[in-house]
Structures are given as C-alpha cells and as structure tokens.
Amino acid sequence: MKDIARAMGVSVATVSRALQDSPSISPKRREAIQAYAREHNYLPNAIAEQLRNSRKSPPKVIGVIVPEFVHYYFATVLAGIEQEACTHGYRIIVAASHESQQHEVEICEAFYKNKVCGIIASQAKETIDYTHFVRLDEQHVPLVFYDRICPAINASRVVVDDYMGTLKAVSHLIESGCRRIAFYGASPTMEIAVNRFNGYKDALYQHGLKVDDTLVRLCETREQAEAITPELLDLNPRPDAFFAVNDDTAIGVLYVVKRRGLRIPDDISVCGFTNSTYAQTCDPSLTSVEQNGLVVGRQAAEILIGIVEGTLPRDHAVKRIVKTQLIERETTRKVGEPGCD
C-alpha cells in the first residue's frame, strides 16, 4: 500500500480506505486507486489483515492436524473439513504429524503462535504424553478430535462407530460360513484399536466361538501383512478368513493368499476397514467397512465453528458417532453360500 500511495500521491490511509470501498473516498479517486492496484497485481496481506481484525473478531483460520497425507481416510476427512469451513467463510491450515509425537507438539505450538481460531486433530500413533493438547485446552483454544481422540481431555470429538462396524463385518464372515477368523489390529494404546478388537471378540462370542490368540496379531500395514500372513497360512488348521484394521493391510493379505494359490473367497475370505479406492480397484475387489470420512470431517468443522462463533458452549464437549456400513464385494461369500470349510 505504501507503493500505491507513493505512486498516486496520497496517504497510505487513503489507499487502505479506497481498497475497502470506503464512501469517505470520492468515487473518482477510489476507482483510480483500485485500477492501479489491479494493474500492478496488488493482493492484500491476509496475515496482516487477520492481525488487524483479531481484536474485533476471532480469525477465521482453522488449524488441522492429520497423521499422514497419503492415507485415503484422512484425505477424505480433510476434504470434509475444508468443504464445511469454506461454507462458513473459514480457511484451513493443514499439517501432518507423520505419526510423530514430537512433530505433533511442534505443530500445536506453531498453530497457537499463528493465532488459529481452533484446532481439529487426530493424534499420532506415537503420542502417549498429551501435555501439548492439555496446554491448548488450558489456553482456551477450541479443540475437536476426530478418529483418534485424546483420552486426557474431555474435548469435543467425532468418531466412527468402530465397534459396531467391526462387529457387523466379523458377524458377516461367520454367517457366511467362516469359523477361524484372524484379526489384524493396531496398537491397543489407541481407543479405535480397542473398539475394533472388542467388536471382533463380541462377534465371535455372539456366534458361540472363542478367541484364538494365535490368530490375533498387531498388523496395520501392507508390509507387515505380507510378512506375517505366511506364518498364519502355515497353521493347521489355517484361518479361513481375515479381518484387517484397514484396507492396505487387507490388500497385503490378498497378495499373500493369491500367491499361495488359494481361492478367494472359497478358501479364505478377507475384509478390510476404510472402503478406500483401493478396495474398489484391487482384484478381487475388497469387502470393507465404510468409514464415511467426508461426514466425519464436515461434522468436526461444524462443531469447531459452532464453538468459535458461540452457538455451541465451550465448556461442554460435543461427542458424535458416525455410523459405518459394510460394503460387500468379491473377497467374502454371500450369507447362505457354502461354508469356508
């Protein structure tokens, strides 16, 4: 604005008012200043504008923490957050923790220093010390967790029904004839992992089956699945189905099973959790639990904006559970078909 003021022979204040269409500047001068700004590709400094207006109203910038960018589910959640934020005139700043607690701490500090109006976060797998989130809560920064929640804070959160999604998926495997169902899960330090394992156990119990500890493994990546699955296939009797904590892991199982020359789903059924694009395009296409990431993202942003704008109380945690849906494809039998004996 100083450059424009110097070129037009006016004060910086006059330029500022003209660019904001202030009626205190004559139409002729206002149009001349705006035309000069356009010709010289002038754009207002959003950060400076945010700082200038911060005393009048909260800055409309939301900080978002994702564990990783390349994961299908987190990408869909992020898309939902952005859609809802844009609808209400908010912008988002996104950072990935890459599953590192230290990186997550640094992101929280950076967001606080940059005066975001609130933070939407899914904690890293490594996170076992929640001091950085507790500090934000004490500094009255609105927090909404999604997917992986922080147990140390009674903060607002949006999660999918991991327990029921798993229970329905494993029940489907049992009802289609499978009896020895392997479970590939994540670290029990995360609530979502515990909920999915409980869904697995209860599905077995409800159908008169017992948990076989030899079929339960920590396995949450394709690489791990390709390393562990051969060992389980060598068991006698071997598993007749696998339930995996995510689609990437399930596809790792598919790869190993197919290389063994086993038929899917006649010999072994496989079910994932996410319903990613990979589930639809792999061969055979993968039965999976739909997590509805877009809905999760929209609801998380809706809650945070409600807290920032005062339509939701800051001292009351809003807790929402998004329902899941089992999407049946080619890696599992239809209920009523011959069993997986």
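Located above this text is the structure these notes cover.
The residue numbering used here restarts from 1 in each chain and proceeds along that chain's sequence as written. Confidence filtering applies because this is a predicted model: local features only for residues at pLDDT of at least 70, side-chain atom pairs given and counted only at 80 or more, and all residues used for totals across whole chains, interfaces and linings. Water and hydrogen atoms play no part in the side-chain values, which are based on all heavy atoms of the structure.

(A) Expanded view of the pattern of salt bridges. Salt bridge, as applied in this entry: a Lys or Arg side-chain nitrogen positioned within 4 Å of an Asp or Glu carboxyl oxygen. All chains considered together, the criterion is met by 15 salt bridges. With a shortest N-O distance of 3.1 Å, arginine 217 and glutamate 231 are connected by a salt bridge. Of this pair, arginine 217 sits in strand β7 (residues 216–218) while glutamate 231 sits in helix α10 (residues 222–233), and the two are 14 residues apart along the sequence. Note on exposure labels: buried denotes an accessible area under 20% of the residue type's maximum, exposed denotes more than 50%, and partly exposed covers the range between, all computed with a 1.4 Å probe on protein chains only. Judged by its relative accessible area of 22%, arginine 217 is partly exposed. Residue class for glutamate 231 comes out partly exposed when judged on its relative accessible area of 45%. Aspartate 267 is paired through a salt bridge with arginine 263; the nearest N and O atoms lie 3.0 Å apart. Elements are defined by DSSP. Helices are runs of H or I of four residues or more, strands are runs of E of two residues or more, and each kind is numbered from the N terminus.

(B) Molecular detail of the sheet that holds strand β6 (residues 181–185). Pairing between two strands requires that DSSP report at least two bridges joining them. On the basis of which strands lie adjacent, the open sheet formed by six strands has the order β7-β6-β8-β9-β10-β12 and mixed pairing. Strands at the two margins of the open sheet, each flanked by one partner only, are β7 and β12 (325–327). The average undirected angle you get between the axes of adjacent strands in this sheet is 20 degrees. In terms of strand pairing, β6 meets strand β8 (residues 241–244) through four bridges, oriented parallel. Looking at the pairing, isoleucine 181 lines up with alanine 241 of β8. Where helices are involved, their axes are fitted lines through C-alpha atoms of the stretch in contact, as for all axes, and angles between N-to-C directions lie from 0 to 180°.

(C) Local environment of the nonpolar core. Residues Ile62, Tyr90, Ile120, Val144, Tyr146 and Val296 are the most contacted members of the largest nonpolar core, which totals 27 residues. Mapped onto this core, the elements with two or more residues apiece are β1 (61–66), α5 (72–87), β4 (143–146), β5 (156–160) and α13 (293–309). Examining the composition of this core, we find that eight residues originate from one element, α13, more than from any other. What makes two residues a contact is simply this: any of their non-hydrogen atoms within 4.5 Å. Excluding residues that lie within four positions of it along the chain, valine 144 makes contacts with Ile119, Ile120, Ala121, Ser156, Arg157, Ala300, Ile303, Leu304 and Ile307. In this description, a nonpolar core means a group of buried Ala, Val, Leu, Ile, Met, Phe, Trp, Tyr and Cys residues linked to one another through side-chain atoms lying within 4.5 Å. Membership of the second largest hydrophobic core comes to 23 residues, among which are Leu215, Cys219, Ala225 and Cys282.

(D) How the structure looks around the side chain of serine 288. Tracing the sequence through the fold places serine 288 in strand β10 (residues 287–290). Residue serine 288 is classed as buried on the basis of its relative accessible area of 0%. Within the structure, serine 288 has its side chain in polar contact with the backbone nitrogen of phenylalanine 273 (distance 3.4 Å). Dropping the residues within four chain positions of it, serine 288 is found in contact with Asp247, Cys271, Gly272, Phe273, Thr274, Asn275, Ala279, Gln325, Leu326, Ile327 and Arg329. Think of a polar contact as two N or O atoms within 3.5 Å of one another; within protein, one of them needs to be a possible hydrogen donor and the other a possible acceptor, and neighboring residues in sequence only count if both atoms come from side chains.

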